[in-house]
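# Per-entry structural report
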Number of protein chains: 2
Amino acid sequence: MSHPVDNAVSAVRTYIEQHRAAFLDDLVAWLRIPSVSAQPDHAQDVRRSAEWLASKLEETGFGTAEVWPTAGAPAVFAEWLSEDPEAPTVLVYGHHDVQPAAREDGWSSDPFEPVVRDNRLYARGAADDKGQVFFHTLGVRAHLAATGRTTPAVNLKLLIEGEEESGSPHFRALVEERADRLGADAVIVSDTGMWSEDTPTVCTGMRGLAECEIRFHGPDQDIHSGSFGGAVPNPATAIARLVAALHDEHARVTVPGFYDGVVELTDEERALFAELPFDERRWLDTAKSRAAHGEAGHTTLERVWARPTAEVNGIGGGYQGPGSKTIIPSSAMVKLSFRLVAGQDPDHVEKAVRAWAAGQVPEGIRCEIDFAPATRPCLTPLDHPALRSVARAMGLAFGKPVRYTREGGSGPAADLQEVLGTPVLFLGISVPSDGWHAPDEKVELDLLLKGVETAAHLWGDLGEHWRHAP
Amino acid sequence: MSHPVDNAVSAVRTYIEQHRAAFLDDLVAWLRIPSVSAQPDHAQDVRRSAEWLASKLEETGFGTAEVWPTAGAPAVFAEWLSEDPEAPTVLVYGHHDVQPAAREDGWSSDPFEPVVRDNRLYARGAADDKGQVFFHTLGVRAHLAATGRTTPAVNLKLLIEGEEESGSPHFRALVEERADRLGADAVIVSDTGMWSEDTPTVCTGMRGLAECEIRFHGPDQDIHSGSFGGAVPNPATAIARLVAALHDEHARVTVPGFYDGVVELTDEERALFAELPFDERRWLDTAKSRAAHGEAGHTTLERVWARPTAEVNGIGGGYQGPGSKTIIPSSAMVKLSFRLVAGQDPDHVEKAVRAWAAGQVPEGIRCEIDFAPATRPCLTPLDHPALRSVARAMGLAFGKPVRYTREGGSGPAADLQEVLGTPVLFLGISVPSDGWHAPDEKVELDLLLKGVETAAHLWGDLGEHWRHAP
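Residues numbered from 1 in each chain as written. Chains lettered and ligands numbered in written order. Predicted model: local features only at pLDDT ≥ 70, side-chain atom pairs only at ≥ 80, totals over all residues. Heavy atoms only, no water.

Under the annotation held in an unreviewed UniProt entry, chain A carries the name Dipeptidase and is attributed to Streptomyces parvulus.

This next bit is on unusual backbone geometry. Residue and element names in this part refer to chain A. Of the consecutive residues aspartate 128 and aspartate 129, the connecting peptide bond is found in the cis state with omega at 10°. Tracing the chain through its elements places aspartate 129 in the loop between strand 5 (120–122) and helix 3 (130–147). Non-glycine residue asparagine 119 carries a positive phi angle of around 65°. Its place among the elements puts asparagine 119 in the loop between strand 4 (115–117) and strand 5. (Helix = DSSP H or I, 4+ residues; strand = E, 2+ residues; numbered from the N terminus.)

Looking now at the domain arrangement of chain A. Frequently, the measure chosen for interface size is the accessible area that the parts lose on association. All names here are of chain A. Once the domains are mapped, chain A shows domain 1 (4–206 + 377–465) and domain 2 (208–262 + 308–371). Opposite the six residues of domain 1 that make contact, domain 2 presents seven residues. For the pairing of domain 1 and domain 2, the buried interface totals around 470 Å² over both sides, and the portion due to carbon and sulfur atoms is 63%. Broken down residue by residue, the surface that domain 1 buries against domain 2 is led by Pro377, Leu379 and Ser410, which jointly contribute 79%. Linking domain 1 to domain 2 there are zero salt bridges. At the junction of domain 1 with domain 2, the criterion picks out two residue pairs in polar contact (both at pLDDT 80 or more). Per-class residue counts for the side of domain 1 that touches domain 2 are three nonpolar, three polar and no charged. (Domains from an automatic or database assignment. Contact = heavy atoms within 4.5 Å. Buried area = accessible area lost by both parts, 1.4 Å probe. Salt bridge = Lys/Arg side-chain N within 4 Å of Asp/Glu carboxyl O. Polar contact = N/O pair within 3.5 Å; in protein donor to acceptor, adjacent residues only side chain to side chain. Nonpolar A, V, L, I, M, F, W, Y, C, P; charged D, E, K, R; others polar.)

Our next topic: the pattern of salt bridges. Once their charged atoms are close, side chains differing in charge can pair, the charge on each being opposite to the other. All names here are of chain A. With the rule as written, the count across this model stands at 66 salt bridges over all chains. Arginine 467 is paired through a salt bridge with glutamate 86; the nearest N and O atoms lie 3.8 Å apart. A residue pair is termed long-range when its members are at least 10 positions apart, and arginine 467 in the segment after helix 13 (445–465) and glutamate 86 in the loop between strand 2 (75–80) and strand 3 (89–95) qualify at 381 residues. Residue class for arginine 467 comes out partly exposed when judged on its relative accessible area of 34%. Of the charged contacts, one joins arginine 215 and glutamate 368 as a salt bridge, the two residues approaching to 2.9 Å between their closest N and O atoms. Residue arginine 215 is found in strand 9 (residues 208–217), and its partner glutamate 368 is found in strand 14 (residues 366–371); the two are separated by 153 residues along the sequence. Via salt bridges that share partners, Arg172, Glu176, Asp345, Arg376, Asp415 and Glu418 belong to a single interconnected network. (Buried < 20%, exposed > 50% of the residue type's maximum accessible area, 1.4 Å probe, protein only.)

The next point concerns the packing of helix 1 (residues 4–31) of chain B against helix 13 (residues 445–465) of chain B. Residue and element names in this part refer to chain B. Closest axis-to-axis distance for the helix 1/helix 13 pair is 10 Å, and the angle between their directions is 125°. With respect to helix 13, the axis of helix 1 lies oblique. Judged by the sense of rotation from one axis to the other, the crossing of helix 1 with helix 13 is right-handed. On helix 13, the residues touching Ala8, Val9, Val12, Arg13, Ile16, Arg20, Phe23, Leu24 and Leu27 of helix 1 are Leu445, Leu448, Leu449, Lys450, Val452, Glu453, Ala456 and His457. (Axes fitted to C-alpha atoms, helices over the stretch in contact; angles between N-to-C directions. Parallel < 35°, antiparallel > 145°, perpendicular 65-115°, else oblique. Left-handed = near helix turned anticlockwise from the far one by under 90°.)

Take the relation of the copies chain A and chain B next. After a rotation of 180° and a shift along the axis of 0.0 Å, chain A superposes on chain B with an RMSD of 0.1 Å. Those values place the two copies in the arrangement expected of a two-fold rotation axis. Taken as a fraction of all interface residues of chain A, those also at the interface in chain B reach 100%, which identifies the copy contact as same-surface. (Least-squares fit on C-alpha atoms with pLDDT ≥ 70 in both.)

Encoded structure:
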């Protein structure tokens, strides 16, 4: 008699194998809808994509599948309740809108006419994010088939937004408005990736983001650098000095209070990062950069995943055209973004930056600062029961040990964490070569089906190991 | 019997009074020609202006008056030789082109339809520079009339260029090509001003100018500040640090070797500057600035006239549009200009800046620097005999002590100094309120006629006190 785990794995695989063709046909049909949220002339396509998905989720077996309008593009909400009264509730987050794409950008085939080459499915949205949303439709059915259940072992909710590629401008309002429908014990974000084809990983957190523009005003208009040069404050020089003062010689941010509350990496986490097959030269190739540089005492992976940063996104002032213009510019500005890690409070960071900048303004310069709405960091501890379930489910699907990563970027999932007060987990099967936002975006079909498998195992594992405390 | 000096003054004034109306009519006719060198559709007007002037100079009595073509707009050369074999030779520099002007820029009347209001002549070019060129036509005739001479006491040459308002792109080549015709003992630049209506001054020097653009290249393209932020060098941060390192806490330029050779102000010069009725609050209003700031140990006037500077004319990199873009920019650049004072060698400064910048480039950043052709500083010592003549002539005309200034800007006169090896002096009667390059440019008619008087006295004084060493 074979081991029950082996039985579960093969039952899931058998079901997936039987339904693979129809699953892919459906995904291809969805990928054909050019749901580009950034382009107003595709607004109708984004709506069509939402309706298509809602209808497909109902057909899949979700008891509820609704298109939720927003002030922008619509989201899709679906729900498949468990009959188990102690089943935990899981909210899956993804998005059905895609980045712009045109054949002439360098695509080998039409971005909205999906094709399979070398066991890869090429299309805009194949990995980011339709493919990774769609594996949940087959995953939950494989879960039911392999376990013989009639309802899932978790209350499964899906919230698939339609404006992620446009910065999710209405997402937080939507979550706040629908908070009563979205209540969950955990959020599972399926809009990220894993380390590589050979190294399945679970992401445990994302950095947050605070952004500001600082403007220094000097003379009321550009003035002649011959007549006045050397004798009045130059706002471009002053803004450069401000930026230069932002980091010390160890590349640490100098803003007093900036690091307040930062959750430092544990030795275990540092060791887990160090286990990853990281090749700095390859990473530099991806970063299109010639050198690694960052906070002293930390590795590159620690710097991008677990350390807060201050980066200049843009700087400008005075004459930038060809040739020269002998002026002292009237003003100069810098756009700064701060990536935040667990424990940092964006409001506190904003206050700290404002106070620091105010202290850097030379006499004769007037300073203005605007902050954009911030995104909070999120981090799930390694010993969180739901995180352990994700790792176990992924391990079953891939037949390998699962390692841990984090995400250096920031995303709307943080709004779910904040508004709903729910831990955020990440389940993604995309790999760095998938070409998000680039020409020839693709998803590896084998990995896509591993995503289906993982979802199938995850719901059973969660229902078994993590009971909802009523 | 009256004093001979009084006689000379009144003889000059009488002659000018007799010819004032015709002189002004002629100037008005010239000002009607819109000789805007920066605008290609006025190229014909610039040529017409040159021809008009050459013809007028011949009519005035200049033995030679030629239109000299250049690769751009034409210059005018004229010559009136002295019969005295030991007479010094003086080359007057000015320009006949003007800045663009249009009624809708805020002019109270058509900029090319001169009008007199309140004893001021309003027109584009009234002060910069047609008025100040034109006073030489009547000045030399008043000199002859008042002294009873048939030829001037100096060999008088005029070189009136046609591209000064476009940066004099072909001026140096013209001077090099025509050096044999332009030979002189001194150059008199009539394209500057004096302190104020009440304070006649002689300018004794101009600062030079070295300009460069420094570009820092980081990642090969803009990269995501979430994925890579904190772990690779940011070229915008690096260029800001370069700019911040350009000055020390005393606002002195830190570039090693930058101050090499600087001719320091003498106590006499500092005392002369301090004698000027300088009102810093008023000066700040003119500078449209809220504070004075510059090299420690120097006054504002010393800073703008006699100290070398490093100013940022423009800085740019990354995203500068509305909102935010979470990138590490691929590159950033800064445009720097260095004002140079007597004793500084632009080539040496260029080498010093290149070496300094190379030492500021962080690992992983590639640096490019381009220098534009430089303008040398020029300075005539206070005890130069020709400078004493200018001061005496001005003192006779204004009936007041004459004080000394310098010019913080830089000009093509430096090319004359360098190519011809000739000291450069300045004779200008424009005042700060004349509105150079601005709407409602004007010249004070009383001051314009003082310019005529000064020129009339100057040629005699020079011929008497400064003999040409054969």
